[in-house]
Amino acid sequence: MDAKKGDWVRIHNIVLKPEDRSPNLPEDTKKVPLEMWDKGFLLNEGANIGDIVEVESYIGRKVEGKLVEVNPYYDHDFGKCVPELLYIGRQLRDYLEGSERDE
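Residues numbered from 1 in each chain as written. Predicted model: local features only at pLDDT ≥ 70, side-chain atom pairs only at ≥ 80, totals over all residues. Heavy atoms only, no water.

A. Focus on a nonpolar patch on the surface. On the surface, a nonpolar cluster with roughly 210 Å² of combined accessible area is contributed by Val15, Leu16 and Leu34. Structurally, Leu16 is set in strand β2 (residues 8-16). The class of Leu16 is partly exposed, set by a relative accessible area of 32%. (Patch = residues over 30% accessible without salt bridge, like charges linked within 9 Å, V, L, I, M, F, W, Y side chains within 5 Å. Areas by Shrake-Rupley, 256 points an atom, 1.4 Å probe, with all protein chains shown as cover. Salt bridge = Lys/Arg side-chain N within 4 Å of Asp/Glu carboxyl O. Helix = DSSP H or I, 4+ residues; strand = E, 2+ residues; numbered from the N terminus. Buried < 20%, exposed > 50% of the residue type's maximum accessible area, 1.4 Å probe, protein only.)

This is how it looks when you write it as structure tokens:
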């Protein structure tokens, strides 16, 4: 069992299949389903990844979906270091201090 009742989990659900979406959407949007990702506390006694479960969101909303992750976390970042940007602040400070002396 991957998750037990009360665990913080993330679920996924297909809200609308491509054929059920509005015809007024852009072509590339019409081709894909409308998906829902949500997080909440597991209400089932236990579940495995891939099971359809019910969760209670942080604000108390109850939602069903496929269990995709237990204890989800943010894994984004701001990209790789750009060495050229590391010295801009120092260079600007030196430039400004030099300008003040020249006045």
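B. Focus on the pairing of strand β5 (residues 52-56). Because side chains alternate across β5, one face comprises the buried residues Val53 and Val55, and the other comprises Ile52, Glu54 and Glu56, none of which is buried. Alignment of β5 against strand β6 (residues 62-70), held across five bridges, turns out to be antiparallel. Across the sheet, the residue bridging to Val55 is Val63, located in β6. The hairpin turn running from β5 into β6, its antiparallel successor, is five residues long, and Gly60 in that turn takes a positive phi close to 100°. (Pairing = 2+ DSSP bridges.)

C. Local environment of the pattern of salt bridges. Tallying each qualifying case throughout the model produces five salt bridges. Between Lys5 and Glu45 there is a salt bridge, with the nearest N and O atoms lying 3.6 Å from each other. Here the residue Lys5 occupies a position in the loop between β1 (3-4) and β2, and Glu45 occupies one in the loop between β3 (34-42) and β4 (46-47), the gap between them amounting to 40 residues. On the basis of relative accessibility, which here comes to 62%, the residue Glu45 falls in the exposed class. The residue Lys30 makes a salt bridge to Glu27 at a minimum N-O spacing of 2.9 Å. Residue Lys30 and its partner Glu27 are both found in helix α1 (residues 27-30); the two are separated by three residues, about one turn of the helix.

D. Region of interest: the environment of Ser57. Residue position: Ser57 is located in the loop between β5 and β6. Residue classification places Ser57 among the buried positions, given a relative accessible area of 6%. Taking the C-alpha atoms as reference points, Ser57 and Leu67, separated by ten residues in sequence, lie 14 Å from one another. Those residues within four positions of Ser57 in sequence are excluded, and the remaining contacts are Lys39 and Gly40. (Contact = heavy atoms within 4.5 Å.)

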